[in-house]
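Report on the structure
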Amino acid sequence: MKIATEFGQGKLVIKLHGEIDHHAARGLIENICSDIDKCLPNVCILDMKDVGFMDSSGIAVLVKAYKRMKELGGELKVLNLSNQSRRVLEMSGLEKIICMEGKKK
Amino acid sequence: MNTVNYIKIEFPSKSSNESLARSVAACFAAQLDPTLDELGDIKTAVSEAVTNSIVHAYPDVIGKISLRGRIFDDNTLEIVVQDWGRGIEDVAKAMEPMFTTGGFERSGMGFTIMESFMDKLKVKSSLGKGTTVTMRRRLSYRAGSIK
Ligand SMILES: Nc1ncnc2c1ncn2[C@@H]1O[C@H](COP(=O)(O)OP(=O)(O)OP(=O)(O)O)[C@@H](O)[C@H]1O
Ligand SMILES: [Mg+2]
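Residue indices begin from 1 for each chain and proceed along its sequence in written order. The naming scheme follows written order: chains are lettered A onward, ligands numbered 1 onward. Selection of residues for local features in this predicted model requires a pLDDT of at least 70, selection of side-chain atom pairs for listing and counting requires 80 or more, and totals for whole chains, interfaces and linings are taken over all residues. Only hydrogens and water are set aside; all other atoms, that is, all heavy atoms of the structure, feed into the side-chain values.

**A word on the overall build of chain B**
Heads up, the condition is: Put simply, DSSP marks the helices as runs of H or I at least four residues long and the strands as runs of E at least two long, and each gets a number from the N terminus on. In this description the radius of gyration comes from C-alpha coordinates, and the expected globular size is given by 2.2 Å times residues to the power 0.38.
From N to C terminus, chain B includes four helices and five strands. When the elements of chain B are put in sequence order from the N terminus, they spell out β-α-α-β-β-α-α-β-β. Relative to its length of 147 residues, chain B is compact, with a C-alpha radius of gyration of 15 Å against a globular reference of 15 Å. With the C-alpha coordinates of chain B rotated into their principal frame, the extents come out at 50 × 30 × 25 Å.

**Section: the interface of chain A and chain B**
As a measure of interface size, the accessible area lost when the parts come together is often cited. Rules: In what follows, a contact means two residues having at least one pair of non-hydrogen atoms within 4.5 Å. Buried surface area refers to the total accessible area, computed with a probe of radius 1.4 Å, that the two partners give up upon joining, counted for both partners together. Here, a salt bridge means any side-chain nitrogen of Lys or Arg that lies within 4 Å of a carboxyl oxygen of Asp or Glu.
Residue-level contacts link 19 residues of chain A with 24 residues of chain B. With both chains or domains summed, chain A and chain B bury close to 1800 Å², and 53% of this area falls on carbon and sulfur atoms. Looking only at chain A, the three residues that lose the most surface to chain B are His22(A), Arg87(A) and Met91(A), adding up to 31% of its buried area. Along the contact surface separating chain A from chain B lie four salt bridges.

**Remarks on the environment of Phe7(A)**
All names here are of chain A. The following threshold applies: When a residue's accessible area, from a 1.4 Å probe over protein chains only, is under 20% of the maximum for its type it is buried; when over 50% it is exposed; and in between it is partly exposed.
As for its position among the elements, phenylalanine 7 is in strand β1 (residues 2-8). Classification of phenylalanine 7 as partly exposed rests on a relative accessible area of 44%. Considered as a pair, phenylalanine 7 and methionine 69 are 62 residues apart in the sequence and their alpha carbons are 15 Å apart. Filtering out sequence-adjacent residues up to four positions away, phenylalanine 7 remains in contact with Leu12, Cys39 and Pro41.

**Quick notes on the nonpolar core**
Defined as follows: Put simply, buried Ala, Val, Leu, Ile, Met, Phe, Trp, Tyr and Cys residues joined by side-chain atoms within 4.5 Å make one nonpolar core.
Of all hydrophobic cores here, the largest spans 34 residues; its most connected members are Phe111(B) and Met135(B). Elements represented by at least two residues in this core include exactly α1 (17-29), α2 (36-57), β2 (64-72), β3 (76-83), α3 (91-94), α4 (110-117), β4 (120-126) and β5 (130-138) of chain B. The greatest single-element share of this core, amounting to eight residues, is contributed by α2(B). Residues Ile32(A), Ile36(A), Met54(A) and Ala65(A) belong to the second largest nonpolar core, which totals 32 residues.

**Some details on α1(B)**
Given 3.6 residues per helical turn, the α-helix brings residues three or four places apart onto the same face. Heads up, the condition is: The span one expects for a helix is its residue count, reduced by one, times 1.5 Å.
Under the 1.5 Å per step criterion, the end-to-end length of α1(B) is 18 Å for 13 residues, consistent within 8% with the ideal 18 Å. Turning to α1(B), its buried residues are Asn17(B), Glu18(B), Ala21(B), Arg22(B), Ala25(B), Ala26(B), Phe28(B) and Ala29(B).

**Here's the deal with the site of ligand 1**
Residue and element names in this part refer to chain B. Applied cut-off: Put simply, a residue is near a molecule or strand once any heavy atom of it comes within 4 Å of that molecule or strand. Counted as a polar contact is a pair of N or O atoms within 3.5 Å, where, for protein atoms, one must be capable of donating a hydrogen and the other of accepting one, and residues adjacent in sequence contribute only when both atoms are in side chains. We get accessible surface area from the Shrake-Rupley algorithm with a probe of 1.4 Å; when it comes to residues, only the shown protein chains can shield them.
Near ligand 1 there are 20 residues, and of these His56, Thr100, Thr101, Arg106 and Ser107 occur at the shortest range. Contact between ligand 1 and threonine 100: an oxygen atom at 2.5 Å from a side-chain N or O atom of the residue. Contact distances for ligand 1 include 2.6 Å between an oxygen atom and a side-chain N or O atom of threonine 101. Contact with the protein chains hides 96% of the accessible area of ligand 1, taken as 600 Å² for the molecule alone. In terms of residue count, α2 provides more of the shell around ligand 1 than any other element does, five residues in total.

**Description of the side chain of Asn52(B)**
Take Asn52(B): it is sitting in helix α2. Setting aside residues up to four positions removed in sequence, Asn52(B) forms contacts with Ala57(B), Phe111(B) and Met114(B).

**Focus: the side chain of Arg137(B)**
All names here are of chain B. For arginine 137, the position within the fold is in strand β5. Look at arginine 137 and you get buried, because its relative accessible area is 13%. Non-local contacts of arginine 137, meaning those with residues more than four positions away in its chain, are made with Glu38, Asp41, Asn75, Thr76, Leu77, Phe117, Met118 and Asp119.

**So, the pattern of salt bridges**
Here the structure, examined in full by the defined rule, presents twelve salt bridges over all chains. Residue Arg22(B) pairs with Asp21(A) through a salt bridge whose shortest N-O separation is 2.9 Å. Of the two residues, Arg22(B) sits in helix α1 while Asp21(A) sits in the loop between β2 (11-20) and α1 (22-39), which places them in two different chains. For Arg22(B), a relative accessible area of 0% corresponds to the buried category. With a relative accessible area of 3%, Asp21(A) lands in the buried category.

Shown next as structure tokens:
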């Protein structure tokens, strides 16, 4: 799992690359939270364009990032979910709380 | 229903084997000419079952996990994930949405996902002996495919 981060004008964009499973999740949570804590953004955008796979471990990752942004009074957005990832997220009901944009279908 | 093909692999409960297991299952399922969405569903369900064995069955040790697959002549795929770990005390309760013993890193959605992404899910478990998860999914026949 690789991530690339860009920050400017209160906006933190984190591009995720790879597959989000239990193996990748713990390191990913740490990376995302440390980026958030470093930048203290108003908006955090997770770009999932290059995420080829996500299972329930990814739900916990998004929940953690969502909670951290909420504590900061900010917002979490999730971009470019694949069909597969979106189906997993929909099971959790998370798509009702987290703002998801750029749906592929 | 006749078995057309089968596979069996065994691996230790290391988290690096999660992606291996779902890739093997996807390669095997590819013989049924699945759609991308069907393939995504199968990979997800396998990932959930194998992750459960890694996380819950063997929390502090490395144990053995077996992944078996069968293809039946009615275009059905069967996947069986078995471990010889801790076992589940109350299977019905464990299968409820949001039920987890795994703390904040888990969401309690694994069984719910397996159940809705596959057509059939059967969980057999005995405390201290291990857990066997059997899942089946019948794949669509697609125009132009040779079966
Ligand atoms: N192979 C197993 N061995 C022992 N216990 C298991 C096994 N599989 C599941 N369980 C128990 O059943 C519970 C529910 O499993 P489920 O996959 O639905 O959720 P989870 O693993 O806790 O969270 P998630 O899958 O969303 O990350 C687990 O918390 C665990 O207590
Ligand atoms: Mg699980």
